[in-house]
There are 2 protein chains.
Amino acid sequence: MADASLWTALADPHRRAIIALLLERPRPVGEIVEACGLSQPSTSKHLKVLREAGLVRVRQDAQRRVYALAPAPIAELDAWLAPYRRLWNTSLDKLGRRLDEAPDDPEEPVTKD
Amino acid sequence: MADASLWTALADPHRRAIIALLLERPRPVGEIVEACGLSQPSTSKHLKVLREAGLVRVRQDAQRRVYALAPAPIAELDAWLAPYRRLWNTSLDKLGRRLDEAPDDPEEPVTKD
DNA sequence: CAGTTATATGCCCGTCAAGGAATTCGAGCC
DNA sequence: GGCTCGAATTCCTTGACGGGCATATAACTG
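Let me begin by describing the structure that accompanies this report. Computed from a predicted structure; not experimentally measured.

### Brief notes about the packing of aromatic side chains
- The tally for this structure, following the rule as stated, stands at five aromatic pairs over all chains.
- Between W7 of chain A and W7 of chain B the ring centres are 6.3 Å apart and the planes differ by 50 degrees, which places this aromatic pair in the tilted class. Separated into two different chains, W7 of chain A in helix α1 (residues 3–11) and W7 of chain B in helix α1 (residues 4–11) make up a pair that spans both. The same class applies to W7 of chain A as to W7 of chain B, namely buried.

Okay, here's the thing in structure tokens:
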């Protein structure tokens, strides 16, 4: 399905930020523009990429376009992840189980996104 | 949150292919070169990116460098995914409800362009 | 119908990443 | 020590991507 474009879409930090915004709730473009500090055209272009990757859906509300998350592709990501999850569950058990249980993992400093 | 370089690294299809190869078993560079049909230098560069993203680690075996998966960053991805997983698990329908908050929605097609 | 708001597109430019060829570095081998 | 194999690094070119500005389009408003 959206393989390539999915990864490409998520590769951009601004787009991930948009995705995160939409996780809270659906938002019109104007709000997204304001939130991510880009120009409106740039934001629209990012939204287009996300749309084409199937990551967001649009609903038209008067002149507004309200964007919302479309979770399916993220499920795809999850599916992609599955084999690897098996891997780190077994071979990296010593690392201290799930990362979310060890927020500051000494071996792998998590840099800010 | 996932390091930017992690996403960048995974954004490239060749690199995802390499990752998939290493999922089966660790491999020396030569094998990877052969498998992904790139030149050796290009492959080495991809491996460098993966290395710097922390996705793979190298073991030196005589003149060979054997690459293997380092699953931790993938766990990071999984962590990133978590909130979204909640979203599509609990509420494909809930999302639909939010999309339908305006019941007179003239059914906006996703504008796939 | 003209005007305004909200968003999308086109164009231009700067940057960056990817790929190949040549070169270099490192480790074994004769 | 010189040679060879395996891999990494450098240089260069090219193409894609991101950003802004100006403009087009669509929908509501008076």
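Structure shown, so let's carry the discussion forward.
### Considering the sheet that holds strand β1 (residues 27–28) of chain A
All names here are of chain A.
- Overall, antiparallel pairing links the three strands, which are arranged β1-β3-β2 in an open sheet. Only two strands of the sheet have a single neighbouring strand rather than two, namely β1 and β2 (56–61).
- In this structure, β2 lies alongside strand β3 (residues 64–69), joined through six bridges in antiparallel fashion. Directly across from D61, in β3, lies its bridge partner R64.
- Packed on one face of the sheet, helix α4 (residues 40–52) meets β2 and β3 and runs near 120 degrees to β2.

### Some points on the packing of helix α3 (residues 29–36) of chain A against α4 of chain A
Residues and elements named next belong to chain A.
- The contact between α3 and α4 brings their axes to 9 Å, and the two run at 110 degrees. Relative to α4, the element α3 lies roughly perpendicular. At the point where α3 passes α4, the crossing takes the right-handed sense. Across the interface between the two elements, V29, I32, V33 and C36 of α3 pack against Q40, T43, S44 and L47 of α4.
- Taken together, the residues of the contact of α3 with α4 sort by class into five nonpolar, three polar and no charged.

### As for helix α3 (residues 29–36) of chain B
All names here are of chain B.
- The complete set of buried residues in α3 reads V29, I32, V33 and C36. Projected down its long axis, α3 carries its buried residues within an arc of 100 degrees, all on one side.
- For α3, the elements touching its buried residues are α2 (13–24), β1 (27–28), α4 (40–52) and β3 (64–69).
- Just downstream of α3, G37 is the residue with a positive phi angle, here 70 degrees.

### Some words on the protein's contact with DNA strand C
- Contacts to DNA strand C come from 24 residues, most closely from Q40, S44 and Y67 of chain A together with K45 and H46 of chain B.
- When atoms of DNA strand C within 4 Å of the protein are sorted by moiety, sugar and phosphate together comprise 57%.
- In this structure, a phosphate oxygen belonging to DNA strand C sits 3.1 Å away from a side-chain N or O atom of S42 of chain B.
- Of all the elements in the fold, those that place two or more residues in the surface near DNA strand C are α3, α4 and β3 of chain A together with α2 and α4 of chain B.
- Residue contributions to the surface near DNA strand C peak at five residues, all from α4 of chain A.
- Its residues assigned to classes, the surface near DNA strand C comprises six nonpolar, 10 polar and eight charged.

The rules behind each value
Throughout, residues of each chain are indexed from 1 in the direction in which the sequence is written. Each chain gets a letter, beginning with A, and each ligand a number, beginning with 1, in the order they are written. Selection of residues for local features in this predicted model requires a pLDDT of at least 70, selection of side-chain atom pairs for listing and counting requires 80 or more, and totals for whole chains, interfaces and linings are taken over all residues. To obtain the side-chain values, all non-hydrogen atoms of the structure were included, while hydrogens and water were left out. Classification of ring pairs rests on two measures: the distance between centres of Phe, Tyr or Trp rings, Trp counted by its six-membered ring, which must be within 6.5 Å, and the angle between planes, read as stacked under 30 degrees, edge-to-face over 60 and tilted in between. For the purposes of this entry, the term helix denotes a DSSP run of H or I that reaches at least four residues, the term strand denotes a run of E that reaches at least two, and both are numbered from the N terminus. Each residue is assigned to one of three classes by its accessible area relative to the maximum for its type, calculated with a 1.4 Å probe on protein chains only: buried under 20%, partly exposed between the two thresholds, exposed over 50%. Note: two strands are recorded as paired if DSSP finds a minimum of 2 bridges between them. By definition, residues are in contact when any of their heavy atoms lie within 4.5 Å. With axes taken as lines fitted to C-alpha atoms, and helix axes fitted only over the stretch in contact, angles between N-to-C directions fall between 0 and 180 degrees. Any angle from 65 to 115 degrees is called roughly perpendicular, while one under 35 is roughly parallel, one over 145 is roughly antiparallel, and all others are oblique. Crossings are assigned a handedness: left-handed for a near helix turned anticlockwise from the far helix by less than a right angle, right-handed for a clockwise turn. The nonpolar class holds Ala, Val, Leu, Ile, Met, Phe, Trp, Tyr, Cys and Pro. Asp, Glu, Lys and Arg form the charged class, and all remaining residues, Gly among them, are polar. Relevant arc is that of directions from the helix axis to the C-beta atoms, nothing else. One heavy atom suffices: a residue is near a molecule or strand as soon as one of its heavy atoms comes within 4 Å of it. N or O atoms closer than or at 3.5 Å make up a polar contact, with two conditions inside protein: a donor-capable atom paired with an acceptor-capable one, and, for residues adjacent in sequence, both atoms drawn from side chains.

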